[in-house]
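Notes for the structure review
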Amino acid sequence: QHWLATGRASPRLVLVVVFVALLLDNILLTVVVPIVPTFLYTTEYEGANSSAGPARPEPAPAALRAPPFSSVLSYFDNTTVTVWGFSSAAELPNGTGSNPPGHPPSTSPAPPRGCLQGGEFLAQENVRVGLLFASKALVQLLVNPWVGLLTNRIGYHIPMFLGFTIMFLSTVMFAFSGTYTLLLIARALQGVGSSFSSVAGLGLLASVYPDDSERGSAMGIALGGLALGVLIGAPFGSIMYEFMGKASPFLVLAFLALLDGALQLCILQPSRISPESTKATPVSTLLRDPYILVAAGALCFSNMGVAMLEPTLPIWMLQTMCSPQWQLGMAFLPASISYLIGTNLFGILANRMGRWLCSMIGMAVVGISLLCVPLATNIYGLIGPNAGLGFAIGMVDSSMMPIMAYLVDLRHTSVYGTVYAIADVAFCMGFAIGPSTGGAIVRALGFPWLMVIVGVLNVAYAPLCWLLRSPPAAEEKMAILSQECPMQTKSYTPKEALREFPLTEESDGEAENVE
């Protein structure tokens, strides 16, 4: 009991709780990325073909066996490519012929299927998978403002625990869903739980770390949990699905979610209602603040790039690289590792070099990395662009999250639930617009043009981060500060703002001594 009482008063244990909640949320977010495209292909396309007719019987005569290589027409760029492993010449699209019979027999086993088998199905699947991935963000987008208002009324602890409960139900539903509709419902349910966890968790962190530099470091560590979840999710999902089946990764996550719930019960005491002592600034007022809108836009556009990659990159790899299932998740590994490094590194460095400069450089690098993705011809060619993308998004996220709380301290009331609801809405807009429009753009223009569009968009937005270099304080805060220091200027750096506001007991004591 003494340990629990001490822990509940420790900001570090609160940071651990938020870290674990964001970790599990983002493992579940990305674990489905390599699973859903191949699961739908297996259950719908191959299942339909096998039920339509008894399959192509294995030909006994050697003349009917496929040659090692066959030329087929690529749906990707309208060129003829060589594909290994079609079972007969009759299966080739558009009736293209095979190589002359002079080739030596193949000694290594052929891949299970050609790159372009079911090309039209894969083109349609881009849109369906994109909508499934976007459903989580769309639901979260709608729920976030209400969660922000709820945290202002009852505090952060109960919403955090509600987030855990809903996340556990979503994870179990993913494990036992066998159709597209059930997967869509489970993904939408995850959006509700994620809204409670992220808004309440980040608001709780901002309230227990009032010092701006400490808050920046804490946000960097918490975003490291987000990064670690993204890092683990896709490779973990692809390997578990390949060797142990679809349900296995979700059952492991459900067990870990139960441990997270026990941790929250011990540390946060979610039965306790603790409303904010001061009235929060209305959401409408915060949405009219141009500096908050610029920061939210940076979060939205930088994360939109990786959101568009999630549904489209695995299918593009299937069409152009003949990638096995385990590579579909491993392709995101460089981005996840570099994001983990970027958030932890720039959680500290961003305050020293200027958060506005850090985010501006990050957005420019995001755009350049996205432009380089279509140049890859195999999974190794994706390492450099994906690593640059993850590192740059880490720079933007670790800079913009503390800026959100700093802007509220400087220009509004120091209550953080609402502003982090806006920040999470910005995330969700990126992850809703990205997958939902990405699949349609790929079908209309192709994957390379999708990367060009979103890359140019990030580079064009980057200069707007300069506006966050020295935001002015609101007039009410100026009046309070002028009573303490009449010569104070209208622009503030984080250190000056911390020295003057918020007022601490020490500063009150100094004022009484002066009187």
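Note that the coordinates shown come from a computational prediction; the quantities given were computed from them, not determined experimentally. Within every chain, residues take consecutive numbers counted from 1 along the sequence as written. The model is predicted, so local features are restricted to residues of pLDDT at least 70 and side-chain atom pairs to those at 80 or more, both for listing and for counting; the totals for chains, interfaces and linings are taken over all residues. Where side-chain values are given, they derive from all heavy atoms of the structure, hydrogens and water being excluded.

A few words now on the overall build of the protein chain. Note on conventions: DSSP H or I runs of at least 4 residues are helices, E runs of at least 2 residues are strands, and numbering of each starts at the N terminus. When you go through the protein chain residue by residue, the secondary structure sums to 19 helices and 2 strands. Taking all 515 residues of the protein chain together, 51% fall into the buried category. Considering only contacts within the protein chain whose residues lie at least 6 apart along the sequence, 83% involve residues at least 24 apart. Accessible area of the protein chain: about 22400 Å², with a carbon and sulfur share of 67%. Residue burial is assigned from relative accessible area. The probe radius is 1.4 Å, only protein chains are included, and a residue is buried under 20% of its type maximum, exposed over 50%, and partly exposed in between. Contacts are assigned to residue pairs that have any heavy atoms within 4.5 Å of one another. A 1.4 Å probe and the Shrake-Rupley method give the accessible areas. Residues count as covered only by the protein chains that appear here.

As a further point, take the confidence of the model for the protein chain. A score between 0 and 100, pLDDT records how confident the predictor is in each residue. Looking at the protein chain, the pLDDT average stands at 75 and 72% of residues meet or exceed 70. The element-level mean pLDDT for the protein chain is lowest in helix H18 (residues 494–500), coming to 41, with helix H13 (residues 355–372) highest at 93. With pLDDT under 50 throughout, residues 52–114 is counted as low confidence; its partners more than four residues away or in other chains account for 73 contacts. Taken together, the stretch residues 479–512 has pLDDT below 50 and engages in 36 contacts with residues farther than four places along the chain or on a different chain.

On to H13. Expected helix span is computed as 1.5 Å times (number of residues minus one). For H13, spanning 18 residues, the distance from its first C-alpha to its last is 26 Å, which sits close to the expected 26 Å at 1.5 Å a residue. The complete set of buried residues in H13 reads Arg355, Trp356, Cys358, Ser359, Gly362, Met363, Val366, Gly367, Ser369 and Leu370. Looking down the long axis of H13, one finds its buried residues gathered within 170° of arc, a one-sided arrangement. Against the buried residues of H13 lie helix H7 (212–244), helix H10 (290–320), helix H12 (333–353), helix H14 (383–411) and helix H16 (447–461). The directions considered for the arc are those from the helix axis to the C-beta atoms.

Residue placement: Leu389 occurs in helix H14. Assessed through its relative accessible area of 2%, Leu389 is described here as buried. Remark: the alpha-carbon pair of Leu389 and Tyr339, spanning 50 residues in sequence, is separated by 8.0 Å. Excluding residues within four positions of it along the chain, Leu389 makes contact with Val306, Leu309, Val366, Ser369 and Leu370.

In this analysis, the protein atoms alone were mapped onto a 1 Å grid. Cavities are point sets where a 1.4 Å probe fits without being able to get out; pockets are open sets with protein on both sides within 12 Å along at least five of seven lines; lining residues have an atom within 4 Å of a point. Grid points are joined across faces, edges and corners, and a volume is the space filled by probe spheres set on the points. Summed over all chains, the structure comprises 5 cavities of 30 Å³ or more. Taken as a whole, the largest cavity encloses approximately 540 Å³ of empty space. Going through the elements one at a time, helix H2 (11–31), helix H4 (119–154), helix H6 (180–208), H7, H10, H12, H14 and helix H15 (417–445) are the ones with two or more residues in the lining of the largest cavity.

So, on to the packing of helix H5 (residues 157–176) against H6. Axes, fitted as lines to C-alpha atoms, cover a helix only where it is in contact. Angles between the N-to-C directions of the axes lie from 0 to 180 degrees. Two elements in contact, H5 and H6, have axes whose closest approach is 8 Å; the angle formed by their N-to-C orientations is 155°. What the angle tells us is that H5 and H6 run roughly antiparallel. Here H5 and H6 pass one another in a crossing that is left-handed. When its residues are assigned to classes, the contact of H5 with H6 shows 18 nonpolar, 8 polar and 1 charged. Should an angle fall under 35 degrees it is taken as roughly parallel, and over 145 as roughly antiparallel, whereas 65 to 115 is taken as roughly perpendicular and any remaining angle as oblique. It is the rotation of the near helix from the far one that decides the hand of a crossing: anticlockwise by less than a right angle makes it left-handed, clockwise makes it right-handed. Residues are sorted three ways: Asp, Glu, Lys and Arg are charged, Ala, Val, Leu, Ile, Met, Phe, Trp, Tyr, Cys and Pro are nonpolar, and all the rest, Gly among them, are polar.

Their axes nearest at 9 Å, the elements H10 and H14 cross at an angle of 150°. Overall, the two elements H10 and H14 adopt an arrangement that is roughly antiparallel. At the point where H10 passes H14, the crossing takes the left-handed sense. Taken together, the residues of H14 that come into contact with H10 (itself represented by Tyr291, Ile292, Ala295, Ala296, Ala298, Leu299, Ser302, Asn303, Val306, Leu309 and Leu313) are Asn386, Leu389, Ile393, Val396, Asp397, Met400, Met401, Ile403, Met404, Leu407 and Arg411. Of the residues assigned to the contact of H10 with H14, the class counts are 17 nonpolar, 3 polar and 2 charged.

The next thing to look at is a nonpolar patch on the surface. Patches were defined on residues exceeding 30% relative accessible area and lacking a salt bridge, with like-charge contacts within 9 Å and nonpolar side-chain contacts (Val, Leu, Ile, Met, Phe, Trp, Tyr) within 5 Å. Salt bridge, as used here: a side-chain nitrogen of Lys or Arg that lies within 4 Å of a carboxyl oxygen of Asp or Glu. Taken together, Ile337, Ile341, Leu345, Leu349, Met353, Ile361 and Val365 make up a surface patch of nonpolar side chains, about 500 Å² in accessible area. Residue assignment for the nonpolar patch shows that the elements contributing at least two residues are H12 and H13. Tallying contributions element by element places H12 first for the nonpolar patch, with 5 residues. Relative to the elements of secondary structure, Ile337 occurs in helix H12. Relative accessible area serves as the criterion here: at 40%, Ile337 is assigned to the partly exposed category.

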